[in-house]
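Close look at the chain arrangement
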Amino acid sequence: MLAPRGLLAAAGGVLALNVLLRAVNAAQQAALAAVFGVGPDLDAYATAVSLPNLLTSLLILGPLGLALTPLLAATTSGPARERAWQVASAVLSLVALVSVPLVGRGVLLAPVLVRGLAPGLAPDTADQATGLLRVLLPAVGGAALAAVLRSILHGLRLFAVPLLAYLGSALLLLAATLVLGPVWGTTALAWATLGGAALGLAGQGWVLARRDARLRFLPEARLPELRPLAALLAGTGIALFATHLFWVWDRMVASYLGPGQVALLDFALSAEKLVGGTVALSIATVSYPTLAAAAREGNLALGRAAARMLHLVGVVAVPATVALVVLREPLLRVWLQHGRFGPEAAGIVADLWLFFGPALLSWAFVLPLIMTFHALGRMRLVAGLCLVGLLGNAGAASAGAAWAGLPGLAAGTSVAAALTTAALGLALARRCAGFPSRPVLGALAAVAGAALIAGLLARLALSLLDAAGLPPGWLPDLLRLTSGGAVFGSGFVLLGLLLRVPEAWSLLAALKRTRRPHAVPRR
């Protein structure tokens, strides 16, 4: 029951596209480091882009990104399908009408927003961030519309289309960083972000038009389906907003720690996108229509579907997090230590990844848990728990920063994130009678044991390479990274076989099948 082979196959294509998207994002981060280094320019850009990124993530992963998927997934033809398109048209039209004035007000209030996001910035840096934010905010309105289109596409089981749109936007931003960044500075990046958002929105709309989507301008707020939908989505929005504010608060605290600290924190937080933003997002995206359908059958079906999803998230996220922490030094030297981003900055980010490790793993489970509660229709408790977690993070991160700077801030955030995720998991076990909590915890414990032992073996391999006198440099670091990764991967699979992790046996069976591609099945 806990071996989600079908789910793994369904999530494979989405996971591959997400990995490609994160690879482009990682290349863009490396380009930022090489072109701008760590200083006031990148502090201004990191501050300005933090609010649009926060709002975009909330819109795409949260209420609007989930709004219409269950409705369209549950209907295929007839009057119910026509009604679903009416509701989709109303939601899209209302979002468009609300987005325009909100974006306009945001542009006018940009100086106030910057001071709220990073109150410790120097006046010149704050002014630069204000100008960048005014260019970036219209992209948030486009992201709101794109989130609604994403929920429609997912309801139609077209999971790859939104990812391809985001991939095109990321490639445009990467090109702007490399080509225009050295000439026009961070202003070029802001305009490239806005252009990428427009192109992504147009691409998703074009695909829906080709699919004969019956969308039209229908600003009708009195449809009976909208009121319960709005109540449920409000709780989801509050929960996701609270969890994303962890990072916003951390940036606010880092702005008081001196020039370059916000930029260093931003590079450290990019690890969250490599784990939660890739693994959890891919699996939760594919799983959500199944969760919504299972919720209509009852708690037993929903509990089983949630167990399969969370187990698969753990099987991929736990070893990914351990590998990032163990291999962080050669990985960051290969990835970021170029141009104006020197060894000292790379070493600080490596230390932060170590202290952020528990938070990275915790956030990989937050989005799947929130989606499960959304399918269950019980969001009040979840919203409250996430708000309490946010308050805990505010105290822990601030105290940690006062005690030990950025490493203390990261440690405080990890404690708050782990406690918040544990509270959400306990609430799910209590509220969903069909959720098999003990088998899930047992399976995840086996995965964690295999990952930790494999991590120790990989660390030992790195120590042996250093003891053998391997010199510093880009190519030796690449050798360290590939050798450590190979030891970790092979060790995790072998330990997974010994500890009876179902996915390890599935991988072994798949390898056996590929070795006999022309075998004729016995009659």
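Fair warning: this is a prediction, and the values are worked out from it, not measured in the lab.

Okay, the overall build of the protein next. Within the protein, the regular secondary structure consists of 19 helices and 0 strands. Within the span of the protein, comprising 523 residues, buried residues form 53% of the whole. Considering only intrachain contacts with a sequence separation of at least 6, the fraction spanning at least 24 residues in the protein is 84%. As displayed, the protein offers around 22600 Å² of accessible surface, 69% of which is attributable to carbon and sulfur atoms.

Moving on, we get to empty space enclosed by the protein. Tallied over the full model, the rule gives 3 cavities of 30 Å³ or more. By volume, the second largest cavity is sized at about 50 Å³. Going through the elements one at a time, α1 (5-36), α2 (40-61) and α12 (261-297) are the ones with two or more residues in the lining of the second largest cavity. In terms of residue class, the lining of the second largest cavity is built from 6 nonpolar, 1 polar and 1 charged.

Two numbers describe a pair of aromatic rings. These are the distance of the centres and the angle of the planes. If you walk through the whole model with that rule in mind, you get 6 aromatic pairs. Judged by centre distance (6.1 Å) and plane angle (45°), the rings of Trp 335 and Trp 353 are tilted. One end of the pair, Trp 335, is in helix α14 (residues 328-335); the other, Trp 353, is in helix α15 (residues 343-376), with 18 residues separating them in the sequence. With respect to burial, Trp 335 and Trp 353 carry one shared label: buried.

This part covers the pattern of salt bridges. According to the stated counting rule, one finds 6 salt bridges in the structure shown. Note that Asp 477 and Arg 480 form a salt bridge whose closest N and O atoms lie 2.9 Å from each other. Here Asp 477 and its partner Arg 480 are both found in helix α18 (residues 474-498), 3 residues apart, which amounts to about one turn of the helix. The exposure class assigned to Arg 480 is buried, which follows from its relative accessible area of 6%. Sharing partners across several salt bridges, the network here consists of Arg 333, Asp 466, Asp 477 and Arg 480.

Below, the discussion takes up the layout of surface pockets. Here the second largest pocket defines a volume of roughly 620 Å³. If you trace the second largest pocket, you find 23 residues lining it, with Val 19, Leu 274, Ala 320, Ala 323 and Leu 324 closest to the centre. Those elements that place two or more of their residues in the lining of the second largest pocket are α1, α12, α13 (299-326), α14 and α18. Looking at the lining of the second largest pocket element by element, the count peaks at 6 residues for α18. Broken down by class, the residue content of the lining of the second largest pocket amounts to 19 nonpolar, 3 polar and 1 charged.

Examined against the element boundaries, Thr 413 turns out to sit in helix α16 (residues 380-431). Here Thr 413 is in contact with Phe 246, Trp 247, Asp 250, Phe 356, Ala 359, Asn 393 and Ala 397, once residues within four sequence places are set aside.

On to α13, then. The terminal C-alpha atoms of α13 lie 39 Å apart, and with 28 residues this matches the ideal 40 Å at 1.5 Å per residue to within 8%. Within α13, 22 of the 28 residues are buried, which leaves the element mostly enclosed by the surrounding structure.

Below, the discussion takes up the packing of helix α8 (residues 160-179) against helix α10 (residues 186-210). For the pair α8 and α10, the least separation of the axes is 8 Å and the interaxial angle reads 155°. In terms of orientation, α8 and α10 fall into the roughly antiparallel class. Where α8 crosses over α10, the handedness of that crossing is right-handed. Contact residues: Val 161, Pro 162, Ala 165, Tyr 166, Ser 169, Leu 172, Leu 173, Ala 176 and Thr 177 in α8; Ala 188, Leu 189, Ala 192, Thr 193, Gly 195, Gly 196, Ala 197, Leu 199, Gly 200, Gln 204 and Val 207 in α10. Residue classes in the contact of α8 with α10 are distributed as 13 nonpolar, 7 polar and no charged.

The subject of this paragraph is the side chain of Ser 50. For Ser 50, the position within the fold is in helix α2. Ignoring anything within four residues of it in the chain, the contact list for Ser 50 reads Leu 117 and Arg 251.

Moving on, we come to a nonpolar patch on the surface. A cluster of nonpolar side chains, namely Leu 178, Val 179, Leu 180, Val 183 and Trp 184, defines an oily patch on the protein surface of about 540 Å² accessible area. Listing elements by their share of the nonpolar patch, those giving two or more residues are α8 and α9 (181-184). With respect to the secondary-structure elements, Val 183 resides in helix α9. Given a relative accessible area of 62%, Val 183 falls into the exposed group.

This part is about the confidence of the model for the protein. With 86% of its residues at a pLDDT of at least 70, the protein reaches an overall mean of 83. Per-element mean pLDDT across the protein ranges from 53 in helix α19 (residues 502-515) up to 93 in α16. Across residues 514-523 the pLDDT falls below 50, and counting only partners more than four positions away or on other chains, this stretch makes 0 contacts in the model.

Rules used in this analysis
- Residues numbered from 1 in each chain as written.
- Predicted model: local features only at pLDDT ≥ 70, side-chain atom pairs only at ≥ 80, totals over all residues.
- Heavy atoms only, no water.
- Helix = DSSP H or I, 4+ residues; strand = E, 2+ residues; numbered from the N terminus.
- Buried < 20%, exposed > 50% of the residue type's maximum accessible area, 1.4 Å probe, protein only.
- Contact = heavy atoms within 4.5 Å.
- Areas by Shrake-Rupley, 256 points an atom, 1.4 Å probe, with all protein chains shown as cover.
- 1 Å grid on protein atoms, 1.4 Å probe; cavity = no way out; pocket = protein on both sides within 12 Å on 5 of 7 lines; lining within 4 Å.
- Points joined across faces, edges and corners; volume = space filled by probe spheres on them.
- Nonpolar A, V, L, I, M, F, W, Y, C, P; charged D, E, K, R; others polar.
- Phe/Tyr/Trp six-rings, centres within 6.5 Å; stacked < 30°, edge-to-face > 60°.
- Salt bridge = Lys/Arg side-chain N within 4 Å of Asp/Glu carboxyl O.
- Expected span 1.5 Å × (residues − 1).
- Axes fitted to C-alpha atoms, helices over the stretch in contact; angles between N-to-C directions.
- Parallel < 35°, antiparallel > 145°, perpendicular 65-115°, else oblique.
- Left-handed = near helix turned anticlockwise from the far one by under 90°.
- Patch = residues over 30% accessible without salt bridge, like charges linked within 9 Å, V, L, I, M, F, W, Y side chains within 5 Å.
- pLDDT = per-residue confidence, 0-100.

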